Amino acid sequence: MAKAMVSGLLLMPSQALGTDAAATAPEPVEDPASLVNPLIGTAGTVNTFPGPDMPFGMLQWGPDTFPHRAFGGGYEYRDSKISGFSLTHLSGPGCRAAGDVPILPVTGKLPGSPGDAVSGFSHAHEHTGIGYYGVTDDAGITTELTSAVRAGLGRFTFPRGTDSRLLLKLSGGATPVDGTRVRAVGDHEVVGAVDSGHFCGAKNRYTLHFDIRFDRPFTDTGTWTGDAVHPAPRTLAEDGRAPSAPPAPGTGGMYLTFDTRAARTVTAEVGISYTSDANAARNLEHEVGGRGFDGIRQDGHDAWNRVLGRVRVGGGSRDQQVQFYTALYHSLLHPNVFSDVNGQYAGMDGRTHTLGAGQRAQYANFSGWDTYRSQAQLMAIVTPRTASDAVTSMLNGYDQTGLLPKWAQNNSESHVMAGDPAAAIIAGTHAFGARGFDTAHALEALVREATEPNANRPGEAVRDAKGYLPADHTAWGCCNFYGPVSTQLEYDTADYALAALARSLGRAGTYRRFATRAQDWRNVFNPRTGYLQARLADGRFAPRFKPATAYGFIEGTSAQYTPMVPFDLKALIAARGGTKAYGGYLDSLFTDLRRPSGTNADLGNEPSLGTPWQYDYLAQPWKTQALIRRIQRTLYSDSPAGAFGNDDLGAMSSWYVFSALGMYPGTPGTDTLVLGSPLFPRAELTLAEGRTLRVNAPQARPDAPYVSALEVDGQAWQKSWVGFESLRHGGSLDYTLDSRPHTDWASAPDSVPPSDTTGLREVHATADHRRARHFLRTNHRSR
């Protein structure tokens, strides 16, 4: 989910000139991890987090601020107080999530209500970077954090004294905590768990287990429940049950006291697990034990360089490089490693499972509605093995529950947002080179989910019967159904992605079946207005229509959603009156990038992300080239407010990465890359099997977005798209760029990206097919 950022926070990036055309090609960045600025996106509603994390790491130990604890990320740059340093975060969701087990260092008298304690801080005393977060608060306490995949290490340096404490705010998560338990083990260790979930108010649940070990003894312990402080207890909320029993509700936290008169620094090693206390301890011992703060920090830096270094850019300004690598970093934080070092993980069925043969890790946290457009494809290009394991993880969830993840937090489904995004994620992952999963099983699961009653596709039976989802229908059943027009468009996109996967696997019949069904977007297209509209059960379009109406739509309007037919834009363009009319419509959507209205595209929200690229489908690629550069320069910068809209687990960041490379995956589920123009003079992508894709644009600079010529693997190219399959084993894109539009490049009618009308032809060719008859009948009646 993503909503527009609070206006007035966006800053313009530096506009340093790129490399001159005659100069030698710039050397690629050698240490991309050093360029990442984790503070980008921590102001407004982007909701990223500044704490350390590994690529796809399980643990994200970082600060939560007060009073504007940001959704998911926990940190709002405008705040001046910290409420704790919690162990888990999500980068950029539109609802509260995670923030489990905040730990706050304090000194002096114990606060009367420890769970409400906060510490003042200033950004002048704060330091961030890959693998590190550090801050000295107003009381003089310095907190430093670093992390491995499933464990982390914190250093707390207190003023000298006997009353230095760590508050373990067990009930202080970002969402309601259903129960907690904790116990002190000797005088160096604390073990416990919290039971939470409730993403976006849903009923999903998970249990996080933790093991914290200290390099020195604590001298005292105590607990609190609400405002009641209980000195001396070493346990809380166990109630005599076995450690594996669900925690009891209504608990508070535990405090630990340290004597810092002689040695002021307390070092804590933390391991977490979603299966058991024992596995939290195993994760800690395997990943942190005895290795030291600086060693773990360096390991994180090296790990990120291995991943970020698979996309090496050269040239451009430092600000542009910082923005690019920070966006790539944010694109590769999720989904998260969810299995322990011994291969065990908590399944979607609530049971503990073990990784199957060939799978290196189980992954969790799938923000499907957000990430299917570009994050999944980028992940497949940059980390194909991880992307394949992520799809295997989705299939594991299907095997355990009969459902693929939709918006799944940890090992529980929330059913947040609409559509059936697993189809586009799985098909897109396959199309962009990640093939290390059971494709036959994936297709089987997608077909079953698309055809049999299930919680991921509410309303599918109504759609099958009527050819559309009526806005005045009420008996949708379970699982968060709303926005029938948006939902139908999402189902169409899912059906076409499924069809594309089937076609790539040689399943022609399955391809035709779902490519045909995907065409029912036409049943909610009103030719009298030229917009997609809500339609009533009796066949009439909903009255009192305006393009800015949100009736029938999700987080958007008819004007914003009408372009969302990515697999058959040719038909949509024709339906709206042809190239000239559609071009005028696109122009009207981009009159104000910063303040989207109901008739402007909302580039801080996912349904609008593909729209700027649609000039390519009009054989007017110079308009896409100029608009993408304008978006980059207007809505993104190297600053806390340097992004736009909820990042949604890498959705917005991955759009920026693709745009800077001069390309975008235009049709979910396929390998179609629609083209803009590169931001950097040089980029090198390391693909699967070590092959290299080079993107060269020696004239690239902020004011030169226009393509005058392009060669693909040394051959002149006059199309505004390219298939990734032809690049998957390496190659080159060589651009010639200019500061003035070149309206002759890729301007022929056959230069445009593909639109698939196979499904529509099937509709017309199958006169005895019930769905075809209904399709034609409803469209005739609507006219």
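Residues numbered from 1 in each chain as written. Predicted model: local features only at pLDDT ≥ 70, side-chain atom pairs only at ≥ 80, totals over all residues. Heavy atoms only, no water.

Visitor: Is there a simple way to explain the packing of helix α5 (residues 375-382) against helix α6 (residues 384-401) in this structure?
Guide: The geometry of a pair of packed helices is captured by two quantities: the angle between their axes and the separation between those axes. Remark: α5 packs on α6, axes separated minimally by 5 Å, with the N-to-C direction vectors making an angle of 130°. In terms of axis orientation, α5 runs oblique to α6. Here Met-379, Ala-380, Ile-381 and Val-382 of α5 come into contact with α6, specifically with Pro-384, Thr-386, Ala-387 and Ala-390. In terms of residue class, the contact of α5 with α6 is made up of 7 nonpolar, 1 polar and no charged. (Axes fitted to C-alpha atoms, helices over the stretch in contact; angles between N-to-C directions. Helix = DSSP H or I, 4+ residues; strand = E, 2+ residues; numbered from the N terminus. Parallel < 35°, antiparallel > 145°, perpendicular 65-115°, else oblique. Contact = heavy atoms within 4.5 Å. Nonpolar A, V, L, I, M, F, W, Y, C, P; charged D, E, K, R; others polar.)

Visitor: Please clarify how the packing of aromatic side chains should be interpreted in this entry.
Guide: Pairs of aromatic rings are described using the distance from one ring centre to the other and the angle between the two planes. Using the criterion set out here, one finds 25 aromatic pairs in the structure. Arranged with centres 3.9 Å apart and planes meeting at 20°, the rings of Trp-476 and Phe-481 form a pair that is stacked. With respect to burial, Trp-476 and Phe-481 carry one shared label: buried. A centroid spacing of 5.7 Å and a plane angle of 50° characterise the contact between Tyr-531 and Phe-545, whose relative ring orientation is tilted. Of this pair, Tyr-531 sits in strand β26 (residues 531-532) while Phe-545 sits in the loop between β26 and α12 (558-561), and the two are 14 residues apart along the sequence. By relative accessible area, which is 23% here, Phe-545 ends up partly exposed. Taking the ring centre of Phe-541 as reference, the NZ or CZ of Arg-535 above it sits at 5.2 Å. Across the ring face of Tyr-531, the terminal group of Arg-576 is positioned such that the distance to the ring centre comes to 4.8 Å. (Phe/Tyr/Trp six-rings, centres within 6.5 Å; stacked < 30°, edge-to-face > 60°. Buried < 20%, exposed > 50% of the residue type's maximum accessible area, 1.4 Å probe, protein only. Lys NZ or Arg CZ within 6 Å of the ring centre and 35° of its normal.)

Visitor: Help me understand the side chain of Glu-449, please; the structure alone is not making it clear to me.
Guide: Topologically, Glu-449 is positioned in helix α8 (residues 439-451). One buried charged residue, Glu-449, remains without a salt bridge, the closest side chain of opposite sign being Arg-457 at 6.0 Å. For Glu-449, the side chain forms a polar contact with the side chain of Asn-456, separated by 3.2 Å. (Lys, Arg positive; Asp, Glu negative; His and termini not counted. Salt bridge = Lys/Arg side-chain N within 4 Å of Asp/Glu carboxyl O. Polar contact = N/O pair within 3.5 Å; in protein donor to acceptor, adjacent residues only side chain to side chain.)

Visitor: Would you take a moment to explain the pairing of strand β10 (residues 189-197) for this structure?
Guide: A regular strand places its side chains on the two faces of the sheet in alternate fashion. With 9 of 9 residues buried, β10 lies mostly within the body of the structure. Pairing geometry for β10 and strand β11 (residues 205-214), over 9 bridges, is antiparallel. Pairing of Glu-189 across the sheet is with Arg-213, part of β11. (Pairing = 2+ DSSP bridges.)

Visitor: In this structure, what is going on with helix α16 (residues 651-661)? I would like to understand it.
Guide: An α-helix turns once every 3.6 residues. As a result, residues three or four positions apart point the same way. The buried fraction of α16 is high, at 11 of 11 residues. Turning to α16, its buried residues are Ala-651, Met-652, Ser-653, Ser-654, Trp-655, Tyr-656, Val-657, Phe-658, Ser-659, Ala-660 and Leu-661. Gly-662 sits one or two residues past α16 and shows a positive phi near 85°.

Visitor: Quick question: what am I supposed to make of the state of the cysteines here?
Guide: Each disulfide is one covalent bond, formed between the sulfur atoms of two cysteines. Counted under the stated rule, the structure contains 2 disulfides. Here Cys-478 engages in a disulfide with Cys-479; their sulfurs sit 2.2 Å apart. Its S-S torsion of approximately -80° makes the covalent link between Cys-478 and Cys-479 left-handed. Classification of Cys-478 by relative accessible area gives partly exposed; the value is 43%. Of note for the protein: the bonded cysteines, numbered N- to C-terminal, pair according to 1-2, 3-4. (Disulfide = S-S within 2.5 Å.)

Purely spatial values, then, with no claim about function.
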